[in-house]
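Examination of the molecular architecture
Spelled out, the chains give:
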Amino acid sequence: MNFTSKQDVIAPAEHVFRQLTDFDFYESYAMRLGAHVERLDEYDRPQPGMCWNISGVFRGKHRNVELRLDEYNPVEALSYTCKANSLDAIINFSVIPLSKTETRLKSSIDVHAKGLSARVALQSARLAKKTLDRKFDSRMHDFAKNIEDKYYS
């Protein structure tokens, strides 16, 4: 199952990419939400191979996810692989400068089921695909707006 979104941000591409790669902020944000975040690599600067183990309670169940940065092209693209017990996902972000002050942020998530129960859950989600697409696009719109607001504050 694939989800995509395109959002235009009124901020330079460098700012948008810098916000996407503020890993310390996202680690602390996840911890504020109650997740346990463990950094599995020893890199001192962003690069492919960075890896996190994230665990916590989500929708009433304890979940454990490994998130790995696979592609890191400054000011252009980021790609992650996310592995959980029953699902794998590939998360992509593309940063496309439209002008000096406007940037298009393209994001996509491609989810694959590993087991039978996950396949059944994804099949059920396919029935609500339009609703899930709207929710994903709305959340990405809010995310892009937040990036834009940080630029002007």
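Just above, that's the structure.
Computed from a predicted model, the values in this text were never measured in an experiment.

1. Overview of the environment of T4
Note that T4 resides in strand β1 (residues 2-9). Using a relative accessible area of 54% as the deciding quantity, one classes T4 as exposed. Between the C-alpha atom of T4 and that of E102, which follows or precedes it by 98 residues, the distance is 20 Å. Residues within four places of T4 in sequence aside, it is in contact with S107, S108 and F136.

2. What about a positive patch on the surface?
A surface patch of like charges, here positive, comprises R59, K61, R63, K135 and R139. Mapped onto the positive patch, the elements with two or more residues apiece are β4 (61-73) and α4 (129-152). On the secondary structure map, R139 appears in helix α4. Using a relative accessible area of 63% as the deciding quantity, one classes R139 as exposed.

3. Some thoughts on the packing of helix α1 (residues 13-20) against α4
It is at 10 Å that the axes of α1 and α4 come closest, and there the two elements cross at 115 degrees. Between α1 and α4 the crossing geometry is right-handed. For the pair α1 and α4, the contacting residues are H15, V16, Q19 and L20 in the first and F143, I147, K150 and Y151 in the second. Counted by class, the contact of α1 with α4 contains five nonpolar, two polar and one charged residues.

4. Here we look at the packing of aromatic side chains
Tallied over the entire structure, the rule returns seven aromatic pairs. Between F3 and F136 the ring centres are 6.0 Å apart and the planes differ by 45 degrees, which places this aromatic pair in the tilted class. You can see F3 sitting in strand β1 and its partner F136 sitting in helix α4, a full 133 residues away along the chain. F136 gets classed as buried once you look at its relative accessible area, which sits at 13%. When the ring of Y26 is compared with that of F143, the centres are 6.5 Å apart and the planes differ by 45 degrees; the resulting orientation is tilted.

Calculation rules
- Residue positions are given per chain, counted from 1 along the sequence in the order it is written.
- Note on the predicted model: pLDDT of at least 70 is required for a residue's local features to be given, and 80 or more for side-chain atom pairs to be given and counted; whole-chain, interface and lining totals, by contrast, use all residues.
- Computation of side-chain values: all heavy atoms of the structure, hydrogens and water removed.
- Each helix is a run of H or I in the DSSP string that is no shorter than four residues. Each strand is a run of E no shorter than two, and both are numbered from the N terminus.
- The buried label goes to any residue with under 20% of its type's maximum accessible area, the exposed label to any with over 50%, and the partly exposed label to all in between, with areas taken from a 1.4 Å probe on protein chains only.
- We call two residues contacting when some pair of their heavy atoms lies within 4.5 Å.
- Residues enter a patch when their relative accessible area is above 30% and they make no salt bridge; the linking distance is 9 Å between like charges and 5 Å between nonpolar side chains (Val, Leu, Ile, Met, Phe, Trp, Tyr).
- Only the protein chains shown count as cover for residues, and the accessible areas themselves come from Shrake-Rupley with a 1.4 Å probe.
- The working definition used for a salt bridge is a side-chain nitrogen of Lys or Arg within 4 Å of a carboxyl oxygen of Asp or Glu.
- For this count, His and the chain ends are skipped, Lys and Arg are scored as positive, and Asp and Glu as negative.
- Charge positions are represented by NZ for Lys, CZ for Arg, CG for Asp and CD for Glu.
- All axes are obtained by fitting lines to C-alpha atoms, using only the stretch in contact for helices, and the reported angles, taken between N-to-C directions, cover 0 to 180 degrees.
- Definitions for this section: a left-handed crossing has its near helix turned counterclockwise from the far helix by less than a right angle. A right-handed crossing has that turn clockwise.
- Charged residues are taken to be Asp, Glu, Lys and Arg, nonpolar residues to be Ala, Val, Leu, Ile, Met, Phe, Trp, Tyr, Cys and Pro, and polar residues to be all remaining types, Gly included.
- The aromatic pairing rule takes the rings of Phe, Tyr and Trp, using the six-membered ring of Trp, and pairs them if the centres are within 6.5 Å, calling planes under 30 degrees apart stacked, those over 60 edge-to-face and the rest tilted.

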